[in-house]
Amino acid sequence: MKKKQINDFLKKIELFKDLDSKELELLQSHVEQESFQEGEFLFKQNNTRHHLFLIFSGKIQLIKTNVFGIDDNLASFAPGDFLSEGALLDGYPHATSGVVIEDSEVLTLHRDKFEEMIKDQPHLASKIMSQMTRVISRRMRGATNKVVDIAAQYVSGKTRTEHDLLGEREVPYEFYYGIQTLRAEENFHISGVSINHNKDLIVALAQVKMAAAKANFDLGLLPPKVANAIIEACQDIVNGKLHTHFIVDMIQGGAGTSTNMNANEVIANRALEIMGYEKGEYEHCHPNNHVNLSQSTNDAYPSALHISNLYNNKKLTEVLAELSDSFRKKGKEFSHIIKMGRTQLQDAVPMTLGQEFEAYADTLGEEIKRLDQVAKLFHVVNMGGTAIGTGINADSRFSDLCVHYLWEITGLPVKLAANLVEDTQDTGSFVMYSSAVKRLAVKLSKICNDLRLLSSGPRAGFNEINLPKMQPGSSIMPGKVNPVIPEVVNQIAFKVIGNDLSVTLAAEAGQLELNVMEPLIAQSLFESIYMLKNGMRTLKYRCIDGITANEDVCRKQVENSIGLATALNPILGYEASSSVAQEALATGKSVYGIVLERKLLTKEELDDLLSPENMIQPKNFSTKKY
């Protein structure tokens, strides 16, 4: 990079916007250039921070690694963005990691260099510090708004006047949403969960709006300057920016209009900013006239729901695959342990503990296929149908163009519905998918019931397995440890089952050309998937991976069980086996002991018959061994 390039670049960085040309030259002397390849880390979570990073070219992904070691993609940063400005103030560890996802050129400013600047050019350092304080304050505000209602976080008394068909309102100047979002925020204090808790929905909304803007530009309906600004604003949102300005409650009246307008207003105001205008100067870029051009809530909102559900399904099945794999590993670990199988909670026939855990792995693996199969219904969208599917106010070429761009932007094989009138009112895909999610929940709950039974006791229960001890189980009973992880997954399953009923009732409540209950459908599905992902991850890491077996207990229960007689039936015959079982019941003796006492089999023959390899599959009895 040449000096002029660097100078022009630094001018555009918010931290240095107050610097004059001479100060920018001084700053350049402290800045270093570095190249990073795709896959490299700019910095790593928990490592000491040393540098301010200024992205000249390429793209950086901000990642947070959770307690389970799973990476969560927080946001993407592009040219002109900067990261880790707090490193100039202290050497605290990074709270996140920055990984290069496109080859990047980065300018860096080391804290030592900045400290030199404080000594040698205090006026320059003071200007940078002043601006940096504002930036850090704003970012902290954004973090606070994740858990506190953004409408309460007034940064200043400054407002802008906006109007709609109901009149005028003062909107806080700093916020990117507008009057219709403000009204919705006041009207719908319902669940306490705003749409910014579901970042995939926000990304999907931005992708729908971006596809529409590209289609409208191709059709000559949007001027280049406006189209480009809308597209850039949408990309900002896809990259994780401005999410805290999506404040409407997930459950709302109006068939999703409030969510759609929240997106339209945020995108419009960011586009205005990109073009050099003030927020609210809608004559240059209007939420309805430009961002919502050729659309209605009734095609944009459900299309975004379909796309976000596809994203959610991918994440759900990834976690499910990890859980299934954990059960399979335990199945292999326990493959040699013989135990009693049970039906109706009564002794049935011997099996291995490994078979029990392999069955759990397979029943969950089956759900991955089922969820993926049903999720394909979400590939169908109704963009261009506008209000009721007739396509009023949309160019006849808009649908195909928009869907083409939506495929290009999302990488998903989306396609246009065959009948837009039908698809606009139909919520059958949500019903089908919710049912598949419920089926997973039912299976998980059944498995957790089994885990609680198998670990019950330890003295007065089955005591075949030991669950990891996670916390004391009683405020009064010393030494008691409860199966808290399976219990919480049971409760998640109950909630998912209830949410499925909500989806069913909301789908049934549709009338004529539109189903206005889609917000409840969306909230129910998102909540179910969110809870299942967290629950399955918790079950894997805090329970399944740490399960141990009580091999001796399992073996003794087999030897003492009446059900052992069933395994002897092909060898001894029904009458002899029945006689042994009756004596065992009457005397309390074990079937194993009675067989040896009556000399029906030798100990070697009996042990061989009950060996795991002879118990895990059918045998050929054409030639009797004993």
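Residues numbered from 1 in each chain as written. Predicted model: local features only at pLDDT ≥ 70, side-chain atom pairs only at ≥ 80, totals over all residues. Heavy atoms only, no water.

Engineer: Please explain unusual backbone geometry as it appears in this structure.
Structural biologist: Trans peptide bonds make up most of the peptide bonds, and negative phi angles are found at most residues other than glycine. Residue proline 458 is reached from glycine 457 by a cis peptide bond, and omega for that bond is 5 degrees. Relative to the elements of secondary structure, proline 458 occurs in the loop between helix 14 (428-454) and strand 13 (465-466). Not every positive phi belongs to a glycine, and leucine 345 is a case in point at roughly 65 degrees. Along the chain, leucine 345 falls in the loop between strand 9 (338-343) and strand 10 (346-352). Owing to a relative accessible area of 59%, leucine 345 belongs among the exposed residues under this scheme. Even without a glycine there, the phi angle at lysine 599 is positive, about 60 degrees. Along the chain, lysine 599 turns up in the loop between helix 20 (591-597) and helix 21 (603-609). Under the relative-accessibility criterion, lysine 599 is labelled exposed at 72%. (Helix = DSSP H or I, 4+ residues; strand = E, 2+ residues; numbered from the N terminus. Buried < 20%, exposed > 50% of the residue type's maximum accessible area, 1.4 Å probe, protein only.)

Engineer: Looking at this structure, how should I read the packing of aromatic side chains?
Structural biologist: Two aromatic rings, taken as a pair, are described by how far apart their centres are and by the angle between their planes. In total, this model carries nine aromatic pairs according to the counting rule given. Here phenylalanine 334 and phenylalanine 357 contribute two aromatic rings whose centre-to-centre distance is 5.4 Å and whose plane-to-plane angle is 75 degrees, an arrangement assigned as edge-to-face. Placement of phenylalanine 334 in the loop between helix 10 (297-333) and strand 9 and of phenylalanine 357 in helix 11 (residues 353-375) is noted, with a sequence separation of 23 residues between them. Using a relative accessible area of 2% as the deciding quantity, one classes phenylalanine 334 as buried. (Phe/Tyr/Trp six-rings, centres within 6.5 Å; stacked < 30°, edge-to-face > 60°.)

Engineer: How should the nonpolar core be read in this particular structure?
Structural biologist: Within the largest apolar cluster, 109 residues are counted, with the highest numbers of intra-cluster contacts made by Ile230, Tyr433 and Leu539. Grouped together as the second largest cluster of nonpolar side chains are 23 residues, Phe82, Met117, Leu124 and Val135 included. (Core = buried A, V, L, I, M, F, W, Y, C linked by side-chain atoms within 4.5 Å.)

Engineer: Just to check I follow, could you spell out the pairing of strand 10 for this structure?
Structural biologist: One face of the sheet, then the other: side chains in a regular strand alternate in exactly this way. Inspection of the sheet shows strand 9 paired to strand 10 by five bridges, in the antiparallel sense. Bridge assignment links threonine 343 to a residue of strand 10, and that residue is glutamine 346. (Pairing = 2+ DSSP bridges.)

Engineer: Hey, could you run me through the pattern of salt bridges in this one?
Structural biologist: Pairs may arise between side chains of opposite charge once their charged atoms sit close together. A full pass over the atoms with the stated rule returns 31 salt bridges. Across the pair glutamate 333 and lysine 330 runs a salt bridge whose closest N-O atoms are separated by 3.1 Å. Of this pair, glutamate 333 and lysine 330 both sit in helix 10, separated by three residues, roughly a single helical turn. Salt bridges sharing common partners tie together Asp236, Arg270, Glu273 and Lys279. (Salt bridge = Lys/Arg side-chain N within 4 Å of Asp/Glu carboxyl O.)

Engineer: What's the story with the packing of helix 14 against helix 16 (residues 518-542) in this structure? I'm lost.
Structural biologist: For any two helices packed against each other, one specifies the inter-axial angle together with the distance between the axes. Where helix 14 meets helix 16, the axes come as close as 11 Å, and the angle between the chain directions of the two elements is 30 degrees. It follows that helix 14 is roughly parallel to helix 16 by the angle criterion. Viewed along their axes, helix 14 and helix 16 form a crossing whose handedness is left-handed. Across the interface between the two elements, Phe430, Tyr433, Ser434, Val437, Leu440, Ala441, Leu444, Cys448 and Leu451 from helix 14 touch Glu518, Ile521, Leu525, Ser528, Ile529, Leu532, Met536 and Leu539 from helix 16. For the contact of helix 14 with helix 16, the per-class residue count stands at 14 nonpolar, two polar and one charged. (Axes fitted to C-alpha atoms, helices over the stretch in contact; angles between N-to-C directions. Parallel < 35°, antiparallel > 145°, perpendicular 65-115°, else oblique. Left-handed = near helix turned anticlockwise from the far one by under 90°. Contact = heavy atoms within 4.5 Å. Nonpolar A, V, L, I, M, F, W, Y, C, P; charged D, E, K, R; others polar.)

Engineer: Is there a simple way to think about the layout of surface pockets in this case?
Structural biologist: Sizing a probe to match a water molecule and rolling it over the atoms shows the empty space that remains. In this structure, the second largest pocket occupies an estimated 470 Å³ of space. Around the second largest pocket, the lining comprises 22 residues; the ones closest to its centre are Ser455, Gly457, Pro458, Val481 and Asn482. If you list the elements that add at least two residues to the lining of the second largest pocket, you get strand 13 and helix 15 (484-508). Of the residues assigned to the lining of the second largest pocket, the class counts are 11 nonpolar, seven polar and four charged. (1 Å grid on protein atoms, 1.4 Å probe; cavity = no way out; pocket = protein on both sides within 12 Å on 5 of 7 lines; lining within 4 Å. Points joined across faces, edges and corners; volume = space filled by probe spheres on them.)

Engineer: How should the pairing of strand 3 (residues 51-65) be read in this particular structure?
Structural biologist: One ladder, built from 11 bridges, connects strand 3 with strand 6 (residues 97-110); its direction is antiparallel. When the sheet's bridge partners are listed, glutamine 61 is paired in strand 6 with valine 99. With two bridges joining them, strand 3 and strand 5 (residues 82-83) adopt antiparallel strand pairing. Bridging across to strand 5, phenylalanine 53 finds its partner in leucine 83. One ladder, built from six bridges, connects strand 3 with strand 4 (residues 71-77); its direction is antiparallel. Its bridge partner lying in strand 4, lysine 64 is registered against aspartate 72.

Engineer: I tried to follow the packing of helix 1 (residues 3-12) against helix 2 (residues 21-28) on my own but got confused; where do I start?
Structural biologist: Relative to each other, helix 1 and helix 2 sit at 115 degrees, their axes nearing to 10 Å. On the basis of the axis angle, helix 1 is roughly perpendicular to helix 2. Crossing geometry of helix 1 relative to helix 2 is assigned as right-handed. Facing Lys3, Ile6, Asn7, Leu10 and Lys11 of helix 1, the residues of helix 2 in contact are Leu24, Glu25, Leu27 and Gln28. For the contact of helix 1 with helix 2, a count of residues per class yields four nonpolar, two polar and three charged.

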